[in-house]
Amino acid sequence: MDPVATSVILVHGAFADGSAWSRVIPLLQAQGLEAIAVQNPLTSLDEDVAHVQRAIDRAKGPVVLVGHSWGGAVITQIGNQDKVKALVYVAAFAPGVGQSPNDTLKPFPPSPGLSSVSMDRAGYLHLSAESLAANFAQDVPAAEAALLAATQGPVHAGCFRTRVTAAAWEHKPSWYVVAGEDRMLPPAFLRATAERIGARTVEVGTSHIPHASRPDAVAAVIIEAAGAR
């Protein structure tokens with residue numbers, strides 16, 4: 001592996017921002033990897049894709065795209081380009097061409113977390129502090145969950161209805177981190193998604209945010225993807 005030559009672009013999901021990767025980034029940097037955490041607006045698939053494309057353009061070397069949750073749909077849409085060498089999905093959506101994230105969830109029962117989401121008058125979704133602590137981040141300290149609630153990034157509901165027009169996982173080597181205690185996206189859905197896209201899969205017994213509660217495990221998967229030939 002030549003980690004110095006590889007850039008890792010970290011794409012956050014809904015109800016979060018780029019700081020969600022704060023525990024993973026130092027572990028990647030310790031391996032000589034360039035880490036870039038985007039700040040997606042969570043307004044639409046097109047807008048988020050545009051933000052990630054700018055990060056790809058400024059990356060120093062070959063790119064590993066890492067997407068959490070909604071961010072998985074973003075890297076699915078944008079990842080099939082020469083500069084991208086691998087994809088890592090972290091408890092994430094990975095739609096097929098013509099599918100939306102909502103489409104992929106239809107065969108599965110509603111989760112406790114998604115059932116508790118509220119929508120404002122502008123069509124943006126958010127989680128109450130109570131639901132975030134119970135369903136999004138139940139395995140981090142209470143003070144950290146409160147901070148996550150205060151800094152969460154509301155996401156436009158239309159994002160989840162938008163169908164992707166490309167599926168990068170059909171063309172790029174893919175890895176998948178299944179969060180075994182996820183209360184936002186059902187673990188059965190995560191396992192089925194990983195199998196459907198043919199990903200190298202690692203399961204950890206965490207909440208929806210394994211990059212916060214088990215950054216060592218998530219970083220190890222990313223480092224493996226960065227070293228793949």
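Heads up: these notes are all about the structure in this document. (Residues numbered from 1 in each chain as written. Predicted model: local features only at pLDDT ≥ 70, side-chain atom pairs only at ≥ 80, totals over all residues. Heavy atoms only, no water.)

Take the sheet that holds strand E3 (residues 63-68) next. Taken in spatial order, the six strands line up as E2-E1-E3-E4-E8-E9 in an open sheet, and their pairing is parallel. The outermost strands of the open sheet, each flanked by one partner alone, are strand E2 (34-37) and strand E9 (200-204). Taken over all neighbouring pairs, the strand axes of this sheet differ in orientation by 15° on average, direction set aside. Sheet strands in contact with helix H8 (residues 187-196) are strand E8 (174-179) and E9, and its direction is about 165° off that of E8. Taken strand by strand, helix H10 (residues 215-227) contacts strand E1 (7-11), E3, strand E4 (84-90), E8 and E9, and its axis lies near 160° from that of E4. (Pairing = 2+ DSSP bridges. Helix = DSSP H or I, 4+ residues; strand = E, 2+ residues; numbered from the N terminus. Axes fitted to C-alpha atoms, helices over the stretch in contact; angles between N-to-C directions. Contact = heavy atoms within 4.5 Å.)

Moving on, we come to the side chain of His12. For His12, the location among the structural elements is in the loop between E1 and helix H1 (25-29). Engagement of the side chain of His12 in a polar contact is seen with the backbone oxygen of Ala16, the distance being 3.5 Å. Here Asn40 takes part through its backbone nitrogen, which lies 2.9 Å from a polar atom of the side chain of His12. Each residue touching His12, except ones within four places of it in the same chain, is listed here: Asp17, Gly18, Trp21, Val38, Gln39, Asn40, Leu42, His68 and Gly71. (Polar contact = N/O pair within 3.5 Å; in protein donor to acceptor, adjacent residues only side chain to side chain.)

The pairing of strands in a sheet happens through backbone hydrogen bonds and is either parallel or antiparallel. The antiparallel open sheet is built from three strands, whose spatial order is E5-E6-E7. The open sheet has two free edges, formed respectively by strand E5 (118-119) and strand E7 (155-156), since each of these has just one partner strand. Pairing analysis gives two bridges linking E5 to strand E6 (residues 124-126), with the strands arranged antiparallel. Across the sheet, residue Met119 finds its bridge partner in E6, namely Leu125.

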